[in-house]
Amino acid sequence: MDENNVQVNIDGKDYSINKNVNFLKFLELNNIKVPHVCYQENLGPIETCDVCIVEAEGRLTRSCSLKPVDGMKIVTDSRRVKEAQIEATNVILKNHDLYCTICENNNGDCDLHNTVLSLKMDIQKYPFKEKPYKVDETNPFYRYDPNQCILCGRCVEACQEVQVNETLSIDWNREIPRVIWDNDVPINDSSCVSCGHCVTVCPVNALMEKPMLGEAGFFTSFSDNTKQMMIKSVKSLEPFIGMGPIMGISNIESKLRESQIKKTKTVCTFCGVGCSFEMWTKGRKILKVQPSPESPANGISTCIKGKFGWDFVNSKERLTTPLIRENGKFRKATWEEALSKVASRLTEIKEKYGGDSLMFIASSKGTNEESYLVQKMARQIFHTNNVDNSSRFCQAPATTGLWRTVGYGGDSGSMRDIYESKLILIVGSNTAESHPVIATRVKRAHKMNGQKLIVADLRKHEMANRADIFLHPAPGTDLVWISAITKYIIDNKWHDTKFIEEKVNNFEAYYRSLDRFTMEFAEKTTGIKKDLLIKVAETIHQSPTMCILWAMGVTQQDYGSDTSTAISNLLLVTGNYGKPGCGSYPLRGHNNVQGASDFGAMNAYFPGYQRVDNDSARKKFEIAWNTQLPSKPGFDNNTCLEAVKNGNIKGMYVIGEELVETGSDSNFIRKRLEELDFLVVEDLFLSETASYADVVLPAAASLEKEGTFDNTERRIQRLYKVFEPVEGSRPDWEIVQDIARLAGADWNYKHPSEIMLEAASLAPIFQHVSYDRLEGFKSLQWPMNEDGTDTPILYLKDFHFPDGKAFLYPLEWRPMVTVEAEFDLHLNNGRILEHFHEGNETYKSPGISEKVPSSFLEVSPELARERGIETGDYVRVTSKYGSVKKRVLVTDRVSGKELYMPMNAIGDEGVNILTGRTMDPDSHTPSYKDLYVKIEKLKDKGTGSPLPRTNPRFGHPNPQDGVAVEKKWQRKDYKQIVED
């Protein structure tokens, strides 16, 4: 028998139970119904409600926290147990005015309502007593009603120990306790980041999304006075007729809501975490986003964008008709006319200049199926490998580093491995803002499990503040300190010799290549003290498992591919591949930047990373597509711009990419777009890139189509259509197919599922993938195996090379190019929590714009003193390539002569006005982070901070361990029911 299992008797029947499984969860799995209110599986036992009582060895105890022992006898359905459960529920009802029929939360999932029903309660023993607190409606996205709050503590537990923003607590010392934000301030004045965890887990209507108010239900839109009259009338009848008939009416009303409210599973379209959830809608109104414990990547977690940032879908700025440029101006066109023009002009250019005179850019926000069709159209119809996606601008160097060393260009495990790892090393990633749900897993493990955290970054952001060790290297020197630590580990014989001997090639040559990377050289080059680097090496040596997370702070350096390679080398030397809780995690930026590459929208690879210059791979696609295919890799979406300048690219088809604002050197890109013979842009909005187009095609949003996305974990997930496309727009896959047909292709896809089946038949890593296997919240992590199973953890047996062994890749240190002395400041740039990238979607959300109305420039206190600059001042930021005007925020998040500018700016205020055309020589990713500037203080002065005082960065979190339920138990008015 498994030593973790014990034998128990429940209601006269014997069971074997794993001691590590929550007992209440075990009861649910075995269909033994025990009512509960505060328990939620992602939160674990909170122990505030006392409803889930059972009898264990004759004593009343909470089943959520019960630790069964061998031979224990447990009773769940005795009269004594039911009486205790009813008493606990009556105590809760003192804090909650039960008016379910006119409550927005009467949707079948109210835990208190369902508990009252299951216990068949007839009379409320203790009358509801109103609390002396006002409803807090200050947050733009949700409101808190203390009168309806039952003090279960779910919201606190979610904030303190899942999201770990540590904003919420319950003040148990008050005469009448309540949930408070920070040190008892209005929600909007607190450190609340509007992630929505608290609203998601609230079992009643105390915390509600504002769009739900007055919309969910048939009677909820009534005035407050009318509602109060209805409540009083019904309450007056309760002593005579009991609660049963009243609850019955509310159940009928709840059931009727199913015809009013549609619930559709979808996948988030912002970052690469891949959060999935149900979207609750009424017509085209989005009432709320509801994540589920079964959501494979995120569970109950969301961020401000995924929970509340969907206003762009119904924006009046959406494109609703095709546009054709005539005489320098756009005119409206029919779909037939626009598609015909696109097909004919692309064909003309191909016939005149050859297929390689065309460039196709697939959207990293589109679906896998759409990326597949874009690359198929480029190759099959126009006979060019000039196809790419925006991974070129961010993650291509990480993919290159992993291809060099381990074989697959994706995360080696999943978020579970990140959570379970003993050590996390984060390099060049502001994870809490760029990938906030992944950050929650790290923060929780660090707080709850004793996970060690090392962060290397130019800024002292949240993860740096939480770190056990923080490294601040000189810009662009990560390769040096990583290689020096690797050398130090080998020098001290701390490397995993068995792992290397059995699974890794080229160790000796690689070790010799490290000769230059001494601790002394690293200290001199990076500015990090030798003692601190040794401490990092010792921490890695002492940890049984390590995950390394990195992002654009690494990949957007001059030599991002080499730095990514150095990261993977370190993991190989320490044996941190091919087992749970370890590995490489290059955090993907866009929702489907992984999938766009996976499904072939790359200049050198067919779907499934099969090289175009591989004869057997190419032959397979030639047979399937009935055509000859080019073998030479094409231009990517960065080098294609130089090709436009040189006259090699004449036409371009851009789908869902704001090339002007996200590519490096916006002014250079504008000139290149003007030089094109023909440009077609397919997008939701008239972006700046679209403003240069000859034809603009209005695309459907992700909520308006079906398909799949691949997240940063290589996880394939299905999204369902929430809305019909806004009138006049169409899904990308339909548009691409129609253009292909007009250009002579015999395509006849009726549904995206057919496209997936074709891709799966041609790419071994997707074999056996189908929509049936991705139904609901199911997911699959490629590569798929011949037996139909997927691969949550890579390299458990072999690495993805012919001999099954990884490769230690020698590297050289190539110092950054020196810059003119006048550009004496380093400008870092990146994402900000509230906005996604330049903000062309998130600025459509008034609540998000309220929190962060514009971009700004972070300046260190010491530089501000030196230059006589204060928060709110305007400065001119100038590089070799351009200049922008910005308001200053003086903050210790940056230090010395380092500046930081968030990306959330549009047009001439964007950071890419300042960037140049230097790029990583191996992946061609622009060197966005290697940017030197000068600043000039301007005469005009702003009024106060560029961030409003209601921004959570000005809040004061209140960290504690969960809900502090012991303080409740110590109160004189606590009614003890359990007999522990």
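Residues numbered from 1 in each chain as written. Predicted model: local features only at pLDDT ≥ 70, side-chain atom pairs only at ≥ 80, totals over all residues. Heavy atoms only, no water.

As annotated in an unreviewed UniProt entry, the protein carries the name Formate dehydrogenase subunit alpha and comes from Oxyplasma meridianum.

**Topic: the overall build of the protein**
Selection rule: We count a stretch as a helix when DSSP gives it H or I for four or more residues in a row; a strand needs E for two or more, and each element gets its number in order from the N terminus. Here the globule rule is a power law, 2.2 Å times the number of residues to the power 0.38, and the radius of gyration is based on C-alpha atoms. We call a residue buried when its accessible area falls under 20% of the maximum for its residue type, exposed when it is over 50%, and partly exposed in between, using a 1.4 Å probe and counting protein chains only. Contacts are assigned to residue pairs with any non-hydrogen atoms lying within 4.5 Å of each other. Accessible areas in this description were obtained via Shrake-Rupley with a 1.4 Å probe; residue shielding takes into account the shown protein chains only.
Secondary structure assignment for the protein yields 33 helices and 37 strands. The C-alpha radius of gyration computed for the protein amounts to 29 Å, which stays within 12% of the reference 30 Å derived for 980 residues, consistent with globular compactness. Along the longest, intermediate and shortest principal axes, the C-alpha atoms of the protein span 90 × 70 × 70 Å. The proportion of buried residues among the 980 residues of the protein is 65%. Restricting the contact set of the protein to residue pairs at least 6 apart, pairs at least 24 apart contribute 74%. Of the roughly 36100 Å² of accessible surface on the protein, a fraction of 49% belongs to carbon and sulfur atoms.

**Observations regarding the pattern of salt bridges**
Quick note on the threshold: A side-chain nitrogen of Lys or Arg and a carboxyl oxygen of Asp or Glu constitute a salt bridge if their distance falls within 4 Å.
Counted according to the given criterion, the structure contains 63 salt bridges. The partner of E55 in a salt bridge is R80, with the nearest N and O atoms 3.4 Å apart. With E55 in strand β3 (residues 53–56) and R80 in helix α2 (residues 79–93), the pair connects residues that are 25 residues apart, well separated along the chain. E55 sits in the buried class, given a relative accessible area of 15%. Look at R80 and you get partly exposed, because its relative accessible area is 33%. By sharing partners, the salt bridges in this structure join E166, K443, K447, E462 and R466 into a single network.

**Focus: helix α10 (residues 368–381)**
What counts, and what does not: The length a helix should cover is 1.5 Å for every residue beyond the first.
Across its 14 residues, α10 extends 19 Å between first and last C-alpha, which sits within 8% of the 20 Å expected from 1.5 Å per residue. For α10, the buried fraction is high: 14 of the 14 residues fall into the buried class. Of the residues one or two after α10, H383 is the one with positive phi, at around 55°.

**Brief notes about the UniProt feature "domain: 4Fe-4S His(Cys)3-ligated-type" (unreviewed entry) in the protein**
Convention followed: UniProt positions are given in the numbering used here, feature names are shortened, and annotations may be inferred rather than shown by experiment.
Residues annotated by UniProt as "domain: 4Fe-4S His(Cys)3-ligated-type" (unreviewed entry) correspond here to residues 80–120. As annotated, residues 80–120 has a helix share of 54% and a strand share of 0%, and its two end C-alpha atoms lie 15 Å apart.

**Brief notes about the packing of aromatic side chains**
Within a pair of aromatic rings, the relevant descriptors are the distance that separates the centres and the angle that separates the planes. Cut-off, in case you're wondering: Aromatic pairs are defined between Phe, Tyr and Trp rings, using the six-membered ring for Trp, whenever the two ring centres lie within 6.5 Å; interplanar angles under 30 degrees are classed as stacked, those over 60 as edge-to-face, and all others as tilted. Geometrically, a lysine NZ or arginine CZ counts as sitting over a ring once it is within 6 Å of the ring centre and also within 35 degrees of the ring normal.
Applying the stated criterion across every chain, the model contains 33 aromatic pairs. Ring geometry for Y15 versus F26: centroids 5.9 Å apart, planes at 85°, classification edge-to-face. Of this pair, Y15 sits in strand β2 (residues 13–18) while F26 sits in helix α1 (residues 23–29), and the two are 11 residues apart along the sequence. What makes F26 buried here is its relative accessible area of 9%. Look at F807 and Y809: their rings are 6.3 Å apart centre to centre, the planes differ by 70°, and that puts the pair in the edge-to-face class. An aromatic cluster of at least three residues, connected via ring pairs, comprises W403, Y408, F499, Y577, Y605, Y609, W782, Y795 and F799. Here K885 stacks its cationic end above the ring of Y874, 4.7 Å away from the centre of that ring.

**A few points about the sheet that holds strand β4 (residues 59–62)**
For the record, the criterion: Should DSSP find at least two bridges between two strands, the strands are regarded as paired. Lines are fitted to the C-alpha atoms to define the axes, a helix being fitted only along its stretch in contact, and any angle between axes, read from their N-to-C directions, falls within 0 to 180 degrees.
If you walk across this open sheet you meet the five strands as β2-β1-β5-β3-β4, and the pairing is mixed. The sheet is open, and its two edges are formed by β2 and β4, each paired on a single side. Put simply, the sheet's adjacent strands are angled 40° from each other on average, direction ignored. In this structure, β3 lies alongside strand β5 (residues 73–75), joined through two bridges in antiparallel fashion.

**Overview of the nonpolar core**
How we decide: Put simply, a nonpolar core is a bunch of buried Ala, Val, Leu, Ile, Met, Phe, Trp, Tyr and Cys residues held in one set by side-chain atoms that sit within 4.5 Å of each other.
Grouped together as the largest cluster of nonpolar side chains are 114 residues, with contacts concentrated most on F360, M377, W481, I485, Y653 and L697. Per element, the largest residue contribution to this core is nine residues, and it comes from helix α16 (residues 478–491). Counting 59 residues, the second largest nonpolar core, distinct from the first, contains V37, C110, C202 and F308.

**Digging into the packing of α10 against helix α30 (residues 752–762)**
Here is the rule we go by: When describing relative orientation, an angle under 35 degrees is termed roughly parallel and one over 145 degrees roughly antiparallel, while 65 to 115 degrees is termed roughly perpendicular and anything else oblique. By convention, the crossing between two helices is left-handed when the near helix turns anticlockwise from the far helix through less than a right angle, and right-handed when the turn is clockwise. Gly is put with the polar residues, along with every residue not named as nonpolar or charged; the nonpolar set is Ala, Val, Leu, Ile, Met, Phe, Trp, Tyr, Cys and Pro, and the charged set is Asp, Glu, Lys and Arg.
The contact between α10 and α30 brings their axes to 9 Å, and the two run at 65°. By the criterion of interaxial angle, the relationship of α10 to α30 is roughly perpendicular. At the point where α10 passes α30, the crossing takes the left-handed sense. Along the contact surface, α10 presents E369, Y372, L373 and K376, while α30 presents P752, I755, M756, E758, A759 and L762. When its residues are assigned to classes, the contact of α10 with α30 shows seven nonpolar, no polar and three charged.

**Quick word on the UniProt feature "domain: 4Fe-4S Mo/W bis-MGD-type" (unreviewed entry) in the protein**
On the UniProt side, "domain: 4Fe-4S Mo/W bis-MGD-type" (unreviewed entry) is annotated at positions that read residues 261–317 here. Split by type, residues 261–317 is 9% helix and 33% strand. Its first and last C-alpha atoms lie 26 Å apart.

**Observations regarding a nonpolar patch on the surface**
As a reminder, the rule being used: Patch definition: residues with relative accessible area over 30% and no salt bridge; like charges joined within 9 Å; nonpolar side chains (Val, Leu, Ile, Met, Phe, Trp, Tyr) joined within 5 Å.
Residues F218, F219, F222, I252 and L256 make up a contiguous nonpolar surface patch of about 440 Å² in total accessible area. Mapped onto the fold, F222 is located in the loop between β9 (207–209) and α6 (224–241).

**A few points about the environment of C582**
Residue placement: C582 occurs in the loop between α22 (560–573) and β22 (583–586). Each C-alpha atom of the pair C582 and N90 lies 48 Å from the other, and the pair is 492 residues apart in sequence.

**Observations regarding the side chain of H826**
Condition: Identification of polar contacts relies on pairs of N or O atoms within 3.5 Å, with a donor-acceptor requirement for protein atoms, meaning one able to donate a hydrogen and the other able to accept it, and with residues adjacent in sequence counted only if both atoms are side-chain atoms.
Assignment of secondary structure puts H826 in strand β32 (residues 825–830). When its relative accessible area of 3% is taken as the criterion, H826 is described as buried. Here K929 takes part through its backbone oxygen, which lies 2.7 Å from a polar atom of the side chain of H826. Leaving out residues up to four positions away in the same chain, H826 has contacts with L458, P475, K897, E898, L899, K929, D930, L931 and Y932.

**Brief notes about the side chain of Q260**
As for its position among the elements, Q260 is in the loop between α7 (243–256) and β10 (262–267). For Q260, the side chain forms a polar contact with the main-chain nitrogen of G217, separated by 3.1 Å. Setting aside chain neighbours within four positions, we find Q260 in contact with E215, A216, G217, F218, T281 and K282.

**Side note on the pairing of β22**
Here β22 shows two buried faces, one formed by G583 and Y585 and the other by S584 and P586. Pairing of strand β21 (residues 547–550) with β22, which is carried by four bridges, proceeds in the parallel orientation. Looking across to β22, one finds that L549 is bridged to Y585.

**As for the environment of A566**
Within the element layout of this structure, A566 appears in helix α22. The exposure class assigned to A566 is buried, which follows from its relative accessible area of 1%. Along the primary structure A566 and L811 are separated by 245 residues, whereas in three dimensions their C-alpha atoms are 7.6 Å apart. Among residues more than four places away in sequence, those in contact with A566 are L479, I482, S483 and L811.

**Describing unusual backbone geometry**
Note the cis peptide between W782 and P783, where omega equals 5°. Note on placement: P783 falls in the loop between β30 (779–781) and β31 (806–807). Of note, the phi angle at L151 is positive, near 60°, even though the residue is not glycine. Considering the arrangement of structural elements, one finds L151 in the loop between β6 (142–144) and α4 (154–161). Here H768, not a glycine, exhibits a phi torsion of approximately 75°, which is positive. Judged by its relative accessible area of 39%, H768 is partly exposed.

**Focus: the sheet that holds strand β29 (residues 715–719)**
Read from one edge to the other, the open sheet built from three strands follows the order β28-β29-β30, with strand pairing classed as antiparallel. Either end of the sheet is taken by a strand with one partner, and the two such strands are β28 (707–710) and β30. Between one strand axis and the next, the sheet turns by 30° as a mean value, whatever way the strands run. The sheet contact formed by β29 and β30 spans three bridges and is antiparallel. Paired with Q717 across the strands is S779, a residue of β30. Across the face of the sheet, α10 comes into contact with β28 and β29 while running at roughly 90° to β28.

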